[in-house]
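Understanding the architecture of this molecule
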Amino acid sequence: MNYHLDHLKKAIDYKRNEIIGHPLFSRLNSLEMLQRFMESHVAAVWDFMTLLKSLQRHLTCVELPWVPTDDGITRRLINEIVLAEESDIDMSGRPISHYELYLDAMTCAGANTLPICTLVGCIKNGMSIDEALARAKMPGNTAEFIKFTVDLVTTRPVWDQAAVFAFGREDLIPDMFNGIVSQLTTEFPTELKIFNYYLARHIELDENEHAPLALRMVTTLCGDDEKKWQSATDMVLKALELRIRLWDGCCLLC
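All of these numbers come straight from a predicted model, not from anything done at the bench.

**As for the overall build of the protein**
Within the protein, the secondary structure is distributed over twelve helices and two strands. A globule of 254 residues ought to have a C-alpha radius of gyration of about 18 Å, and the protein, at 18 Å, matches this closely. For the protein, the residues scored as buried account for 49% of the 254 residues in total. Sequence-distant contacts in the protein: of pairs separated by 6 or more residues, those separated by 24 or more amount to 74%. Summing over all exposed atoms, the protein offers an accessible surface of approximately 12,100 Å²; the carbon and sulfur share of this is 54%. Here the protein holds 25 positive side-chain charges and 36 negative ones, and the gap between their average locations is 3 Å.

**Section: the side chain of Ser231**
With respect to the helices and strands, Ser231 occurs in helix H12 (residues 226-253). The class of Ser231 is buried, set by a relative accessible area of 15%. Side-chain polar atoms of Ser231 contact the side chain of Asp160, separated by 2.8 Å.

**Overview of the packing of aromatic side chains**
Taken as a whole, this structure holds six aromatic pairs when the rule is applied. On the numbers, 5.3 Å between centres and 25° between planes, the contact of Phe48 with Phe165 is stacked. Residue Phe48 is found in helix H3 (residues 31-59), and its partner Phe165 is found in helix H9 (residues 158-167); the two are separated by 117 residues along the sequence. In terms of burial, Phe48 and Phe165 fall into one category: buried.

**Points about unusual backbone geometry**
A cis amide bond links Leu64 to the next residue, Pro65, at an omega of -5°. Assignment of secondary structure puts Pro65 in the loop between H3 and helix H4 (72-86). Within the chain, Lys137 stands out as a residue other than glycine whose phi angle is a positive 55°. We classify Lys137 as exposed; its relative accessible area is 71%.

**A short note on H12**
Here H12 is 28 residues long and its end C-alpha atoms lie 41 Å apart, about the 40 Å a rise of 1.5 Å per residue gives. One side-chain oxygen at the N-terminal end of H12 lies 2.9 Å from the backbone nitrogen of Lys227; it belongs to Asp225.

**Let's talk about the packing of helix H8 (residues 140-155) against H12**
Working note: a packed helix pair is described by the angle between its axes plus the distance between those axes. Following both chains from N to C, one finds H8 and H12 inclined at 160°, their axes separated by 8 Å at the closest point. Comparing their axes, H12 and H8 come out roughly antiparallel. Relative to H12, H8 is oriented so that their crossing is left-handed. Across the interface between the two elements, Asn141, Thr142, Glu144, Phe145, Phe148 and Leu152 of H8 pack against Met235, Lys238, Ala239, Leu242, Arg243, Arg245, Leu246, Asp248 and Gly249 of H12. Residue classes in the contact of H8 with H12 are distributed as seven nonpolar, three polar and five charged.

Cut-off values and rules
- Residues numbered from 1 in each chain as written.
- Predicted model: local features only at pLDDT ≥ 70, side-chain atom pairs only at ≥ 80, totals over all residues.
- Heavy atoms only, no water.
- Helix = DSSP H or I, 4+ residues; strand = E, 2+ residues; numbered from the N terminus.
- Rg over C-alpha atoms; globule rule 2.2 N^0.38 Å.
- Buried < 20%, exposed > 50% of the residue type's maximum accessible area, 1.4 Å probe, protein only.
- Contact = heavy atoms within 4.5 Å.
- Areas by Shrake-Rupley, 256 points an atom, 1.4 Å probe, with all protein chains shown as cover.
- Lys, Arg positive; Asp, Glu negative; His and termini not counted.
- Charge placed at Lys NZ, Arg CZ, Asp CG, Glu CD.
- Polar contact = N/O pair within 3.5 Å; in protein donor to acceptor, adjacent residues only side chain to side chain.
- Phe/Tyr/Trp six-rings, centres within 6.5 Å; stacked < 30°, edge-to-face > 60°.
- Expected span 1.5 Å × (residues − 1).
- Axes fitted to C-alpha atoms, helices over the stretch in contact; angles between N-to-C directions.
- Parallel < 35°, antiparallel > 145°, perpendicular 65-115°, else oblique.
- Left-handed = near helix turned anticlockwise from the far one by under 90°.
- Nonpolar A, V, L, I, M, F, W, Y, C, P; charged D, E, K, R; others polar.

Printed below as a string of structure tokens:
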């Protein structure tokens with residue numbers, strides 16, 4: 001393993017363990033509690049795409065006229081992830097983004113989609129992120145999480161963004177969460193069928209395909225530059241702390 005990558009993993013290990021062992025997951029013991037979780041967690045599903053599309057802008061060419069970027073392997077990685085996340089297929093074989101699939105899962109489970117749909121609608125209509133968050137009446141911890149992502153993609157270098165993408169995002173939902181959902185599905189098979197499908201797709205893509213490629217991307221972007229690795233580590237720690245606060249906020253709702 002790359003020395004710098006190993007050092008980063010060790011530096012963030014305590015925060016990751018805090019997230020994976022968060023008391024939130026022991027509270028998800030009813031459909032109502034899972035609904036409240038989904039209503040908060042959907043913000044992370046949505047703004048994941050903002051981070052991913054920023055990486056696509058940095059690491060592939062989306063300008064005209066087109067020219068090839070330097071690293072063909074990283075270029076392919078990003079385009080593969082964008083394809084899977086922005087244009088996956090739902091249970092009927094219909095092309096759909098994972099965010100839209102999550103909205104379908106929320107609707108099926110009886111969760112409230114109004115706040116996140118209001119937020120996205122306001123942004124579509126040209127509102128600033130602060131105005132949109134206020135209009136959507138997002139809880140403070142959720143708003144803080146989204147603002148961090150927006151700041152990350154607008155002010156931080158691409159290696160910081162790549163590191164947060166690789167270590168601070170959806171791979172943090174622990175295995176025990178899937179077990180909890182499986183138990184609830186026996187009680188609510190109709191309500192949770194789409195959510196179960198979403199989780200299965202998420203695990204299949206992240207664990208088997210995206211995670212190894214994302215690690216390679218971080219290693220390529222940081223190289224042997226100690227300052228880049230330290231900056232990337234610092235940003236991942238901030239991202240993980242905000243994920244803990246997001247889970248804390250979920251606990252207040254659940």
